[in-house]
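Read off the chains here:
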Amino acid sequence: MLQSEPEMAVNIAVASSVLLKEESSSSERLGPAFPFVKALKAVNAKLKENYPESEELFKVMLLDEKPSDSLKNAIRTHELEELITVLNVREDLVGELRRMNTALYLSDSEVLVKKVLDQGIAAAFMPTPKEIKEVSEDQLRVAFDGDSVLFSNESERVFQDAGLTGYLQHERNNVEKLMNPGPLCSFLEVLEKLKKKLHDKGLLKNCPIRTFLVTARGAGCDGYRALNSLHSWDLEVDEAFFLGSRPKGPILDIIRPHLFFDDQPRHIQAALEVGAVACHVPNDPKC
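With an unreviewed UniProt entry as reference, the protein chain is termed 5'-nucleotidase, cytosolic IAb, source organism Salarias fasciatus.

A. View of helix 2 (residues 34–50). With 17 residues, helix 2 ought to run about 24 Å at 1.5 Å a step, and its terminal C-alpha atoms sit 25 Å apart, in line with that. The complete set of buried residues in helix 2 reads F34, F36, V37, A39, L40, A42, V43, N44, L47 and N50.

B. Focus on the pattern of salt bridges. Under the definition given, this model contains 18 salt bridges. In this structure, E56 engages K193 in a salt bridge whose closest nitrogen and oxygen atoms are separated by 3.1 Å. Within this pair, whereas E56 is found in the loop between helix 2 and strand 4 (58–63), its partner K193 is found in helix 7 (residues 185–199), the two being separated by 137 residues in sequence. Measuring nitrogen to oxygen at the nearest pair gives 3.0 Å for the salt bridge that ties E56 to K197.

C. Spatial organisation of the pairing of strand 4. Of all 6 residues that make up strand 4, 5 are buried, and the element is covered over most of its length. Summarising the sheet, strand 1 (residues 10–15) and strand 4 pair through 6 bridges and their orientation is parallel. Its bridge partner lying in strand 4, N11 is registered against K59. Relative to strand 5 (residues 84–87), strand 4 is paired through 4 bridges, and the arrangement is parallel. Along strand 5, the bridge assignment pairs M61 with T85. Each parallel crossover has a hand, and for strand 4 linked through helix 3 (residues 69–77) to strand 5 it is right-handed.

D. View of the packing of helix 2 against helix 7. Put simply, helix 2 and helix 7 touch, their axes get as near as 10 Å, and they point 40° apart. Where helix 2 crosses over helix 7, the two elements pack in a sense that is left-handed. On the side of helix 2, the interface is formed by F36, K46, L47 and N50, while helix 7 contributes F187, L194 and L198. Among the residues making up the contact of helix 2 with helix 7, the classes are represented as 5 nonpolar, 1 polar and 1 charged.

About the thresholds
- Residues numbered from 1 in each chain as written.
- Predicted model: local features only at pLDDT ≥ 70, side-chain atom pairs only at ≥ 80, totals over all residues.
- Heavy atoms only, no water.
- Helix = DSSP H or I, 4+ residues; strand = E, 2+ residues; numbered from the N terminus.
- Expected span 1.5 Å × (residues − 1).
- Buried < 20%, exposed > 50% of the residue type's maximum accessible area, 1.4 Å probe, protein only.
- Salt bridge = Lys/Arg side-chain N within 4 Å of Asp/Glu carboxyl O.
- Pairing = 2+ DSSP bridges.
- Right-handed = clockwise from strand over helix to strand, strands pointing away.
- Axes fitted to C-alpha atoms, helices over the stretch in contact; angles between N-to-C directions.
- Left-handed = near helix turned anticlockwise from the far one by under 90°.
- Contact = heavy atoms within 4.5 Å.
- Nonpolar A, V, L, I, M, F, W, Y, C, P; charged D, E, K, R; others polar.

Written as structure tokens, this is what we have:
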């Protein structure tokens, strides 16, 4: 799936309300997307160091219908003005995201997230944990669920219709059949492309990007099918956790990702309870 393409900026669109939440007319507090954006800055620093002529860097498009002076001041205070561009987008959000060739859209509006996902753009709804655990400032860590996130919801529909036994039989029958990409696969592709560039410069153990698969699939035929599909797309996560029926919270507490994408509300809740920034990818298993 990874292909040689002209180098261009990797645009991440973020609603201002999940980066900096306005508490008064003159002050802001940090939102759940803030550690992620800070990590993007760290990745950019390594990319610039190793590829000084390259334009393939992260750019954050901060979407706000009425940007305040306190928002702009906060961006300067946190030394993010080189990374962040504030945009006033009141109409045609999808059109603007397409124009920017957006790699990911994050918002606290589930309505807008669903609208964007329906148009084939990677997006997720970002609630705010009561307490966000400390995460790395030097390494961007992103964790993905499998079905309905990195992969299509085909197997999820089988599970809903035929239960666990039917699902496992389906995976055995289709173990060598590649799955179709899901709504967040394109974002993993972006991360893996940049990671490979850094690996090519010798940044292996100390790579500033690390990716994870955290899935309720087991380690049998269903897990093999997931890894085989990723391998066929030239995508390789750094670590894969096949948890079956076990909760995801404990492993996320160890990983400490900046973002964790999942389609199941119960897994989102488990992540929030351990202070992880969980991003919901709404999914209708009937579709």
